[in-house]
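Residues per chain are reported as follows:
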Amino acid sequence: MIGHLAYVAAFIALGLAVHDRTFAGAGGAILTLGMIGTWRYSWAGINFSRAMAYVRWRYPRLRRRAEAAYAERAVPAHAYFMVTTYKIEPNVTARVYGTIFDAAARSRGGATIVASVVDGADARVIHDVFEARRPAVDGVKLVVDQIPGSGKRDAIARSLRLMQREAPSDRDVMIFVDGDSCVPIDIVERTAPFFTDPRVGALTTDEEVEIPDAPLFAHWFDLRFMQRQMMMSSMAFGGRVLTLTGRMSVFRADLATDPTFVAQVQHDHIDHWRLGRIDFLTGDDKSTWYWLLSRGYRMTYLPDLASVSMESQPMPGFFESAIALMKRWFGNMLRTNGRALALGPRRIGFFTWWSILDQRVSIWTTLFGPIAVLLTALLATPVVIPAYIAWVMFTRYVFCGALSLFRGGGFPIVYPPLLYFGQIVGAAVKSYALFRLDVQRWTRQSAAKAAVRRPLGQRLRAASSTYMHTLAVGWLTLGVLLLTGLV
């Protein structure tokens, strides 16, 4: 409470400290920022309203109808678990697979688990955890597939082909799980009913996170998942979410084993006018999402069911860790974003299409504000800086309060500055990734080759990316100067 009082007092004091209330020379900047802010806050308000309507009204009705339809089925769903494990601590692996085995044992229609591992030590841990749960798991089929470390996409494709031999039906479910994510024990009974609607191809759930010994990093993740809860709920109101999270998502099993689905996961790519063919190394969740989206399937969200991810800060510092993760996340998003836009609003729905478009537009509208303030301070009056800081502190505090309603209310006082960090630095990282779609990197494992002298063609592409990025930022800066009337 003291932190909140101090924070509120700080932005009030900053606002009152602005003695020149005329803002001479800054009128154009204030007007332009006000218009952009009105647009952005209106868009946030629309998503917030849709999310609330989904959580409080639409979702409970969808669940009741789905469970009633599922109760009428003579044969319950068989659950297939597809799990990938690579370079994860043994205690984490033991806990994750413990939850998977417990959930599989609870599946009334039986369960099959395919665990894809690279290290033999992981295989031994998995077998030990499985044996320790007998006889509860006697009806569960476990396949531990030890493979070469050629990448997650190859691992997923190989696991899915193993499951193709089981000939899954349209009433069965396929649960994709990362090796660091714990599943709810009732995952099968809570998700299978939604696939009684033949239009639904997949669903994803809420997420929680456990991060020891890195409190700021943990707060940042918690805030991101709070934002995710709101946006996913808003998108699910229209029947199509914008991603199927790789940590844990559930698919209709016959679709997940469709040969074209498997081929897209393993060999997905785009052809870029400047960068040429870009083979996707990371972002398998975007490939599965696009396959379903392009074929007209609905994808929904379960806000009352959550997986638990056990993360660790990948680098010593918070900022470098956050930026490294954002590079991977936003690169994956932008590599699929363009082709999803090309499907058109008539095919995927106007709101979904506009939300995908906004992922690109918001890069520049977010960066517009700080650039405009800095230029106005340099060319007109420096009083805009404390006024802008006070405004940012106030608006992010209010926004965090609204977001916290999706988590029962209340939030740590570090959330508002972390929210602003995520918005501004996130937009900068997105702008970087937008012009470097060929750059891909895992957090644990580099998806690029070791540092060697690159061929001339690669160096030319990298130089052209820097040139295009610099040109875009330059045009944005010129636009700021013209729209604010500073020149």
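The model shown is predicted, which means the values in this text are computed figures rather than measured ones. Here, residues in each chain are numbered from 1, in the same order as that chain's written sequence. Reporting in this predicted model follows two pLDDT cut-offs: at least 70 for local features of residues, and 80 or more for side-chain atom pairs to be given and counted; totals over whole chains, interfaces and linings ignore these cut-offs and use all residues. Each side-chain value is worked out from all heavy atoms of the structure, with water and hydrogens disregarded.

## A short note on the overall build of the chain
Numbering of helices and strands starts at the N terminus; helices are DSSP runs of H or I of at least 4 residues and strands are runs of E of at least 2. The helix and strand inventory of the chain stands at 16 helices and ten strands. We compute the radius of gyration from the C-alpha atoms alone; for a globule the expected value is 2.2 Å times N to the 0.38, where N is the number of residues. Expected size for 487 residues packed as a compact globule is a radius of gyration near 23 Å; at 24 Å, the chain falls within 12% of this value. Along the longest, intermediate and shortest principal axes, the C-alpha atoms of the chain span 75 × 55 × 50 Å. Note on exposure labels: buried denotes an accessible area under 20% of the residue type's maximum, exposed denotes more than 50%, and partly exposed covers the range between, all computed with a 1.4 Å probe on protein chains only. Within the chain, buried positions represent 53% of all 487 residues. Residues count as neighbours in contact if any of their non-hydrogen atoms are within 4.5 Å of one another. Taking all contacts inside the chain whose residues are at least 6 apart in sequence as the whole, residues at least 24 apart take part in 83%. Of the roughly 21700 Å² of accessible surface on the chain, 62% is carried by carbon and sulfur atoms. A distance of 8 Å separates the average location of the 54 positive side-chain charges in the chain from that of its 38 negative side-chain charges. Note on areas: Shrake-Rupley, 1.4 Å probe, and residue coverage restricted to the protein chains presented here. This count recognises Lys and Arg as positive and Asp and Glu as negative, with His and chain-terminal groups excluded. The location of each charge is read from NZ of Lys, CZ of Arg, CG of Asp or CD of Glu.

## Thoughts on helix α2 (residues 27-71)
Here a helix's expected span is defined as the number of its residues, less one, multiplied by 1.5 Å. An ideal rise of 1.5 Å per residue puts 66 Å on 45 residues; α2 measures up with 63 Å between its terminal C-alpha atoms. In this analysis the local bend is the angle between axes fitted, respectively, to the seven residues ending at and the seven residues starting at the residue. The largest bend in α2 comes to about 50 degrees, at Tyr 54.

## Considering the packing of helix α14 (residues 384-404) against helix α15 (residues 415-434)
All axes are obtained by fitting lines to C-alpha atoms, using only the stretch in contact for helices, and the reported angles, taken between N-to-C directions, cover 0 to 180 degrees. Packing of α14 against α15 leaves a shortest axis separation of 8 Å and a crossing angle of 105 degrees. In this view, α14 runs roughly perpendicular relative to α15, as classed from their interaxial angle. Counted together, Tyr 388, Val 392, Arg 396, Tyr 397, Phe 399 and Cys 400 of α14 and Tyr 415, Pro 416, Leu 419, Tyr 420 and Gln 423 of α15 form the full contact between these two elements. Three categories are distinguished: nonpolar for Ala, Val, Leu, Ile, Met, Phe, Trp, Tyr, Cys and Pro, charged for Asp, Glu, Lys and Arg, and polar for the others, with Gly belonging to the last. Class assignment for the residues of the contact of α14 with α15 results in nine nonpolar, one polar and one charged. Any angle that is under 35 degrees is reported as roughly parallel, and any over 145 degrees as roughly antiparallel; angles of 65 to 115 degrees are reported as roughly perpendicular and all others as oblique.

## Quick word on the side chain of Thr 93
Structurally, Thr 93 is set in helix α3 (residues 90-105). Beyond its immediate sequence surroundings of up to four residues, Thr 93 is in contact with Thr 85, Ile 88, Asp 122, Val 125 and Ile 126.

## Concerning the nonpolar core
Core analysis: the biggest nonpolar cluster contains 85 residues, and Phe 81, Met 174 and Ile 187 have the highest contact counts within it. The element best represented in this core is α3, accounting for seven residues. In contact with Ile 187, not counting residues within four places along its chain, are Phe 81, Ala 103, Ile 175, Met 248, Val 250 and Leu 305. For our purposes a nonpolar core is just a set of buried Ala, Val, Leu, Ile, Met, Phe, Trp, Tyr and Cys residues, chained together by side-chain atoms within 4.5 Å. Phe 217, Trp 220, Leu 223 and Leu 418 belong to the second largest nonpolar core, which has 28 residues in total.

## Some words on the packing of aromatic side chains
When two rings of Phe, Tyr or Trp (its six-membered ring) have centres within 6.5 Å they constitute a pair, described as stacked for plane angles under 30 degrees, edge-to-face for angles over 60, and tilted for the intermediate range. A complete count under the given rule lists 30 aromatic pairs for this structure. Aromatic side chains Tyr 7 and Phe 11 sit 5.9 Å apart centroid to centroid with 75 degrees between the ring planes, which places their arrangement in the edge-to-face category. With Tyr 7 and Phe 11 both in helix α1 (residues 2-16) and four residues apart, this pair spans about one turn of that helix. Exposure remark for Phe 11: the relative accessible area of 13% places this residue in the buried category. Aromatic ring contacts, followed pair by pair, group Tyr 7, Phe 11, Tyr 41, Trp 391, Phe 394, Tyr 397, Phe 411 and Tyr 415 into a single cluster. Only lysine NZ and arginine CZ atoms are considered, and such an atom sits over a ring when it is within 6 Å of the ring centre and within 35 degrees of the ring normal. Stacked on the ring of Phe 237, the Lys or Arg Arg 58 has its end atom at 5.4 Å from the ring centre.

## Side note on α1
Taking 1.5 Å per residue as the helical rise, α1 with its 15 residues ought to reach 21 Å, and the 21 Å between its terminal C-alpha atoms agrees with that figure. Burial in α1 covers these residues: His 4, Tyr 7 and Phe 11. Buried residues of α1 fall within an arc of 65 degrees about the axis and therefore sit on the same side. Away from its buried face by more than 90 degrees, α1 exposes Ile 2, Leu 5 and Leu 16. What the arc measures is the spread of directions leading from the helix axis to the C-beta atoms.

## Some points on the environment of Ile 385
Here Ile 385 lies in helix α14. For Ile 385, a relative accessible area of 33% translates into the label partly exposed. Sequence spacing of Ile 385 and Thr 204 is 181 residues, and the spatial spacing of their C-alpha atoms is 42 Å. Not counting the four nearest positions on each side in its chain, Ile 385 is found in contact with Val 373 and Ala 377.

## Quick notes on the environment of Val 361
Counting through the fold element by element, Val 361 comes out in helix α13 (residues 350-379). With 119 residues separating them in the primary sequence, Val 361 and Leu 242 have C-alpha atoms 16 Å apart.

## Regarding the sheet that holds strand β7 (residues 248-252)
Two strands qualify as a pair provided that DSSP identifies no fewer than 2 bridges between them. What the eight strands build is an open sheet, ordered β3-β2-β1-β4-β7-β6-β10-β5; its pairing is mixed. One side of each edge strand has no neighbouring strand; the edge strands of this open sheet are β3 (140-146) and β5 (181-182). Where strand β6 (residues 200-210) lies against strand β10 (residues 298-310), ten bridges are found, and the strand directions are parallel. If you follow Glu 207 over to β10, its bridge partner there is Ser 307.

## A closer look at the pairing of β10
Counting buried positions along β10 gives ten out of 13 residues, so the element sits mostly inside the fold. Pairing geometry for β5 and β10, over two bridges, is antiparallel. From the neighbouring strand, Ser 181 faces β10, where its bridge partner is Ser 309.

## Re the pattern of salt bridges
Opposite charge on two side chains allows them to pair when their charged atoms are near. By salt bridge we mean one thing: a side-chain nitrogen of Lys or Arg within 4 Å of a carboxyl oxygen of Asp or Glu. Enumeration over the complete set of coordinates arrives at 22 salt bridges. Glu 189 serves as the salt-bridge partner of Arg 108, at 3.3 Å between the closest nitrogen and oxygen. A residue pair is termed long-range when its members are at least 10 positions apart, and Arg 108 in the loop between α3 and β2 (111-117) and Glu 189 in helix α6 (residues 187-191) qualify at 81 residues. With relative accessibility at 54%, the residue Arg 108 sits in the exposed group. Residue classification places Glu 189 among the partly exposed residues on the basis of a relative accessible area of 27%. A cluster of three or more residues bridged by salt bridges with shared partners is formed by Arg 63, Glu 67, Asp 186, Arg 190 and Asp 304.

## Remarks on unusual backbone geometry
In terms of backbone geometry, most residues other than glycine have negative phi values and most peptide bonds are trans. With omega at 5 degrees, the peptide bond leading from Arg 134 into Pro 135 counts as cis. Tracing the backbone shows Pro 135 in the loop between α4 (120-132) and β3. Even without glycine at this site, Lys 87 takes up a positive phi of about 50 degrees. Unusually for a residue other than glycine, Ala 167 sits at a positive phi of about 50 degrees. One can find Ala 167 in the loop between α5 (152-164) and β4 (173-178).

Fair warning: the whole summary comes from geometry, so function is off the table for now.
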